[in-house]
Amino acid sequence: MADRNFEARLESAFAETPVFADADLFVLRVNDALERNWLMRRVLIGALGVVGGLIGGAQLLRSGLIDRLGAVGGAWRLVGNELTNLPVGRVFSELFGGGPSTATEVLWMSGAMAIVAVGLFVTRAMREF
Amino acid sequence: MASSLAARASAHDMDLVVLSVGGNRGAFGELIRRHGSGVRALLRRMGADPATADDLAQDAFLAAFEQIADFRGEGAFAGWIKRIAARLYIRRWRRETRMSLSLEAPEEDMNAGSGEAGANARIDLDEALKGLSPVERLCVSLCYGAGLSHAEAAAALNAPLGTVKSHVKRGLDKLKGALVAEPSLSSQERAYNG
């Protein structure tokens, strides 16, 4: 019985929260560490996204997709020529110009999108740091 | 802003946990404010030096934030975070000491059980714990400070249950001797200098 009383008193003593002079400092320190962790995670995810995008883009280019798109573009051009001969087609053609994209245009578009992605990442990184 | 701070300050731990699960770091900050000192004190009582205790307490809160969705509120948040901190300390302790609990020879403390230490001077728990061997101190703190059962402590320490029980028993006997003259066992009035 005495043992149990002592153990209960011991548990109460352990449960008492002592007063630390630097308690507020500790809270700030942990909050800062949390913030750093969060930031690192966001930057890492962003960087991985950019790297993944670049790798994916490179793979698409290497897989001959552009050539295939070019072939499809040629077919679309034929269809487009037929459509633009129609009265409604002429209006559309004047409105949107150009016609179907070519391989070179796709390449330029991909490059521009990659630049925009890198730009967004750099801007974000600069703001965070 | 001030009202949200006041709301946080008066909120129950479980409410703060729910907010933290939703990514509210202000709510988690309030949990740190409430339980940071308790975790730091436990780690020091387990035997960590102040700097290590603070580092581990920080790591424990970071880990807790990662796992906060796992806390279902079956027990108190204070107990949950203390168990996380205790396990982190055990991991470090085992790595640094490379000591096998089962092989460590029991030692006899000349001051144990005399009761003289507490007769004339005020001795609190923290002082009394210093009279224990590192392993006894660790086992007693795990069971009475972090709330682990003997079996859980044995599993955490990767030691036989009987060994942990004997270390706890020996530690309790020493503490009794040191604290018997201290009616309150209180250490609350003693301020840590950080």
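Residues numbered from 1 in each chain as written. Chains lettered and ligands numbered in written order. Predicted model: local features only at pLDDT ≥ 70, side-chain atom pairs only at ≥ 80, totals over all residues.

### A short note on the overall build of chain B
Thinking step 1. Scanning chain B from N- to C-terminus turns up ten helices and one strand.
Thinking step 2. Counting from the amino terminus, helix and strand elements in chain B follow one another as α-α-α-α-α-α-α-α-α-α-β.
Thinking step 3. Sorting the 194 residues of chain B into buried and exposed places 44% on the buried side.
Thinking step 4. When contacts within chain B are restricted to residue pairs at least 6 apart in sequence, those whose partners lie at least 24 apart make up 69%. (Helix = DSSP H or I, 4+ residues; strand = E, 2+ residues; numbered from the N terminus. Buried ≥ 20, exposed ≤ 12 C-beta atoms within 10 Å, placed from the backbone. Contact = placed C-beta atoms within 7 Å.)

### A few points about the overall build of chain A
Thinking step 1. Scanning chain A from N- to C-terminus turns up five helices and one strand.
Thinking step 2. Of the regular secondary structure in chain A, the N- to C-terminal order runs α-β-α-α-α-α.
Thinking step 3. Here chain A holds 129 residues, and 6% of them are scored as buried.
Thinking step 4. The long-range share in chain A, meaning contacts at least 24 apart out of those at least 6 apart in sequence, stands at 77%.

### Description of the confidence of the model for chain A
Thinking step 1. Mean pLDDT over chain A: 76, with 72% of residues reaching 70 or higher.
Thinking step 2. Mean pLDDT across the elements of chain A bottoms out in helix H4 (residues 87–96) of chain A (58) and peaks in strand S1 (residues 19–20) of chain A (87). (pLDDT = per-residue confidence, 0-100.)

### Structural notes on the environment of B:Ala128
Residue and element names in this part refer to chain B.
Thinking step 1. Here alanine 128 shows up in helix H7 (residues 125–129).
Thinking step 2. A residue is classified by how many C-beta atoms lie within 10 Å of it, and alanine 128, with 26 of them, is buried.
Thinking step 3. Between the C-alpha atom of alanine 128 and that of leucine 175, which follows or precedes it by 47 residues, the distance is 6.1 Å.

### Thoughts on helix H3 (residues 25–46) of chain B
Residue and element names in this part refer to chain B.
Thinking step 1. At histidine 35, H3 shows its largest bend, some 50°.
Thinking step 2. For H3, the tally of buried residues reaches 18 of 22 residues, placing the bulk of the element in the interior.
Thinking step 3. One or two positions beyond H3, positive phi appears at glycine 47, with a value near 125°. (Bend = angle between axes of the 7 residues up to and from the residue.)

### What to know about the interface of chain B and chain A
Thinking step 1. Counting residues at the interface gives 28 residues for chain B, matched by 24 residues for chain A.
Thinking step 2. Mapped onto the side of chain B that touches chain A, the elements with two or more residues apiece are H3, helix H4 (50–66), helix H8 (134–145), helix H10 (161–179) and strand S1 (191–192) of chain B.
Thinking step 3. Its residues assigned to classes, the side of chain B that touches chain A comprises eleven nonpolar, eleven polar and six charged. (Nonpolar A, V, L, I, M, F, W, Y, C, P; charged D, E, K, R; others polar.)

### Let's talk about the confidence of the model for chain B
All names here are of chain B.
Thinking step 1. When pLDDT is averaged along chain B, the result is 80, and 74% of the positions lie at 70 or above.
Thinking step 2. Every residue in residues 108–123 is under pLDDT 50, and counting partners more than four places away or in other chains gives 29 contacts.
Thinking step 3. As a predicted assembly, this complex carries a pTM of 0.65 together with an ipTM value of 0.73.

### Structural notes on the nonpolar core
All names here are of chain B.
Thinking step 1. Counting residues in hydrophobic clusters, the biggest one holds 59 residues, and the most contacted among them are Leu43, Ala60, Ala85, Cys139, Leu142 and Ala153.
Thinking step 2. No other element matches H3, which puts nine residues into this core.
Thinking step 3. In terms of domain composition, this core takes at least three residues from each of domain 1 (1–98) and domain 2 (101–194).
Thinking step 4. If near-sequence neighbours (up to four positions away) are discounted, cysteine 139 is found in contact with Ala153, Val164, His167, Val168 and Gly171. (Core = buried A, V, L, I, M, F, W, Y, C linked by C-beta atoms within 7 Å. Domains from an automatic or database assignment.)

### Considering H8(B)
All names here are of chain B.
Thinking step 1. With respect to burial, H8 is a largely interior element, eleven of its twelve residues being buried.
Thinking step 2. All of the buried residues along H8 are Val135, Glu136, Arg137, Leu138, Cys139, Val140, Ser141, Leu142, Cys143, Tyr144 and Gly145.
Thinking step 3. Positive backbone phi, approximately 80°, marks glycine 147, located one or two places after H8.

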